Amino acid sequence: RAARPLSSDVLIKNGILSELEQYGKEIIPARCHEASNYLVTDAICDELYAGKVMAGLRSAGLNVQKLVVPVMTDESGETSTEPSKTREVFDQLVDEIIEAGIN
């Protein structure tokens, strides 16, 4: 099977998080409006933004589940997602999506 090209648009707008109910279906492709969608975020962004993003997308009528990539502390004491950027973490995320169901 030949690979299909993928592309994404980026929408930048002040206050967009408060307007996701309005923009949610514009951001998510139409073919995905009735499907299970997944917000993949790290633990830092989860605390700051995920609740507002999830509420806005769900208010737009989208089925959205959240997956959180762990944040770890490195040798210098800094919190970072870099240690989580591994094949193992990717595989765990894929397993969670498959378990939850893809339609």
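Below you will find a few notes about this structure. The shown structure was predicted, so the numbers you read here are calculated from the model rather than taken from an experiment.

## A short note on the overall build of the protein chain
Now for step 1: Regarding its fold elements, the protein chain presents 3 helices and 4 strands.
Now for step 2: Along its sequence from the N terminus, the protein chain presents helices and strands in the succession α-β-α-β-β-β-α.
Now for step 3: Each principal axis of the C-alpha atoms in the protein chain carries an extent, and together these give about 45 × 40 × 25 Å.
Now for step 4: When the 103 residues of the protein chain are sorted by exposure, 27% land in the buried category.
Now for step 5: Considering only contacts within the protein chain whose residues lie at least 6 apart along the sequence, 63% involve residues at least 24 apart.
Now for step 6: Of note, the protein chain has its 10 positive side-chain charges centred 10 Å away from the centre of its 17 negative side-chain charges.

## Some points on the environment of Q92
Now for step 1: The residue Q92 is located in helix α3 (residues 87-100) in this model.
Now for step 2: When its relative accessible area of 49% is taken as the criterion, Q92 is described as partly exposed.

## Observations regarding the pairing of strand β2 (residues 63-69)
Now for step 1: Across 7 bridges, strand β1 (residues 36-42) lies against β2 in parallel orientation. In the strand pairing of β2, S36 is matched with N63.
Now for step 2: Handedness of the crossover is the feature at issue here: the chain leaves β1, passes through helix α2 (residues 43-59), returns alongside β2, and the resulting connection is right-handed.

## Concerning the side chain of T41
Now for step 1: Note that T41 resides in strand β1.
Now for step 2: A residue is classified by how much of its surface remains accessible, and T41, at 9% relative accessible area, is buried.
Now for step 3: Those residues within four positions of T41 in sequence are excluded, and the remaining contacts are D46, A50, K66, L67, V68 and V69.

## Re the nonpolar core
Now for step 1: Counting residues in each nonpolar core, the largest one holds 9 residues, listed as I16, L20, Y23, I28, V53, M54, L57, L62 and V64.
Now for step 2: Every element with two or more residues in this core is listed here: α1 (20-27) and α2.
Now for step 3: Tallying contributions element by element places α2 first for this core, with 3 residues.

## Here's the deal with the environment of K52
Now for step 1: As for its position among the elements, K52 is in helix α2.
Now for step 2: Judged by its relative accessible area of 46%, K52 falls in the partly exposed class.
Now for step 3: Between the alpha carbons of K52 and V69 there is a distance of 18 Å; along the sequence they are 17 residues apart.
Now for step 4: There is a polar contact of 3.4 Å between the side chain of K52 and the side chain of S18.

Scoring rules and cut-offs
- Residues numbered from 1 in each chain as written.
- Predicted model: local features only at pLDDT ≥ 70, side-chain atom pairs only at ≥ 80, totals over all residues.
- Heavy atoms only, no water.
- Helix = DSSP H or I, 4+ residues; strand = E, 2+ residues; numbered from the N terminus.
- Buried < 20%, exposed > 50% of the residue type's maximum accessible area, 1.4 Å probe, protein only.
- Contact = heavy atoms within 4.5 Å.
- Lys, Arg positive; Asp, Glu negative; His and termini not counted.
- Charge placed at Lys NZ, Arg CZ, Asp CG, Glu CD.
- Pairing = 2+ DSSP bridges.
- Right-handed = clockwise from strand over helix to strand, strands pointing away.
- Core = buried A, V, L, I, M, F, W, Y, C linked by side-chain atoms within 4.5 Å.
- Polar contact = N/O pair within 3.5 Å; in protein donor to acceptor, adjacent residues only side chain to side chain.

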